[in-house]
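What follows is the residue order along each chain.
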Amino acid sequence: MIQDMVQGRDERIRSTTILLVQREGAVAMAGDGQVTLGDTVIKSSARKVRRLHEGTILAGFAGATADAFTLLTRFEAKLNEFQGQLERAAIELTKEWRTDRYLRHLEALMIVADKRTAFLISGKGDVIASDDGLLAVGSGSSYALAAARALIKHTPLSAREIAEESLQIAGDICIYTNSSVIVEEL
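These remarks concern the structure in this document. (Residues numbered from 1 in each chain as written. Predicted model: local features only at pLDDT ≥ 70, side-chain atom pairs only at ≥ 80, totals over all residues. Heavy atoms only, no water.)

### Section: the sheet that holds strand β2 (residues 17-23)
(1) Moving on: Taken together, four strands build an open sheet; the order of strands is β11-β2-β3-β12 and the sheet is antiparallel. Each having just a single partner strand, β11 (134-138) and β12 (182-185) make up the two edges of the open sheet. Ignoring which end each strand starts from, the neighbouring axes of this sheet average 15° apart.
(2) Moving on: Where β2 meets β11, five bridges bridge the pair, whose relative direction is antiparallel. Along β11, the bridge assignment pairs Thr-17 with Gly-138. (Pairing = 2+ DSSP bridges. Helix = DSSP H or I, 4+ residues; strand = E, 2+ residues; numbered from the N terminus. Axes fitted to C-alpha atoms, helices over the stretch in contact; angles between N-to-C directions.)

This is the structure:
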């Protein structure tokens, strides 16, 4: 990878923008569908937002797809182990992710949410709750987050509408984000 970058080719797989919006008791998570290898779009309709634990938990991921699916599987097992307790499952997954010889090499970020709480989870040991009901990860996350903050402050839009519009705005700015948006709600 370093040699490709030195030669002017960035061959890393870049994918996704995931945004979580909590507003007035509603929770919406949106993700775009683009996967890019270097400067080429290799897929435009990937599904990176999922319902887990009998539909009561939302999970979205950014990063290497195989790594993300491995983490989703582990997270779902933690949810089952801890009877759907989101915070406990997130903390236990993060501890395992950080200390396991295999898992610690996985490259992905996750946002998980239920009706009450939401967390950004990383392999560095982060379990971060939002201060303002917004969380974002991925290539276009800063654009989506900025748009969502403006919309939440200056409009009466619903959580779903803010998530959709913010992803559309990110897709207009970030070359690694497209307008093929999937939204899940609780």
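### Considerations on the side chain of Arg-23
(1) Moving on: With respect to the helices and strands, Arg-23 occurs in strand β2.
(2) Moving on: Summary of buried charges: Arg-23 has no salt-bridge partner, and the nearest side chain of opposite charge, Glu-24, is 4.4 Å away.
(3) Moving on: Leave out the neighbours within four places in its chain, and Arg-23 touches Leu-151, Ile-152, Thr-155, Pro-156, Leu-157, Ala-159 and Ile-162. (Buried < 20%, exposed > 50% of the residue type's maximum accessible area, 1.4 Å probe, protein only. Lys, Arg positive; Asp, Glu negative; His and termini not counted. Salt bridge = Lys/Arg side-chain N within 4 Å of Asp/Glu carboxyl O. Contact = heavy atoms within 4.5 Å.)

### Structural notes on the sheet that holds strand β7 (residues 57-63)
In any sheet, the strands associate via hydrogen bonds between backbone groups, in a parallel or an antiparallel arrangement.
(1) Moving on: If you walk across this open sheet you meet the five strands as β6-β7-β8-β9-β10, and the pairing is antiparallel. The outermost strands of the open sheet, each flanked by one partner alone, are β6 (49-52) and β10 (127-129). Sheet twist, expressed as the average angle between the axes of neighbouring strands with direction ignored, equals 25°.
(2) Moving on: Of the pairings in the sheet, the one linking β6 to β7 comprises four bridges and is antiparallel in character. From the neighbouring strand, Arg-51 faces β7, where its bridge partner is Leu-58.
(3) Moving on: Sitting on the sheet, helix α3 (residues 86-99) touches β7, β8 (108-113), β9 (118-122) and β10, and the angle it makes with β9 is about 5°.

### Comments concerning helix α4 (residues 141-154)
Working note: α-helix, 3.6 residues per turn, so residues spaced by three or four point in the same direction.
(1) Moving on: An ideal rise of 1.5 Å per residue puts 20 Å on 14 residues; α4 measures up with 20 Å between its terminal C-alpha atoms.
(2) Moving on: Among the residues making up α4, those that are buried are Ser-141, Ala-144, Leu-145, Ala-147, Ala-148 and Leu-151. End-on, the buried residues of α4 take up no more than an arc of 165°, which puts them together on one face. Turned more than 90 degrees off the buried face of α4, the exposed positions are Lys-153 and His-154. (Expected span 1.5 Å × (residues − 1). Arc of directions from axis to C-beta.)

Everything listed here is a matter of coordinates, which is why it stays silent on function.
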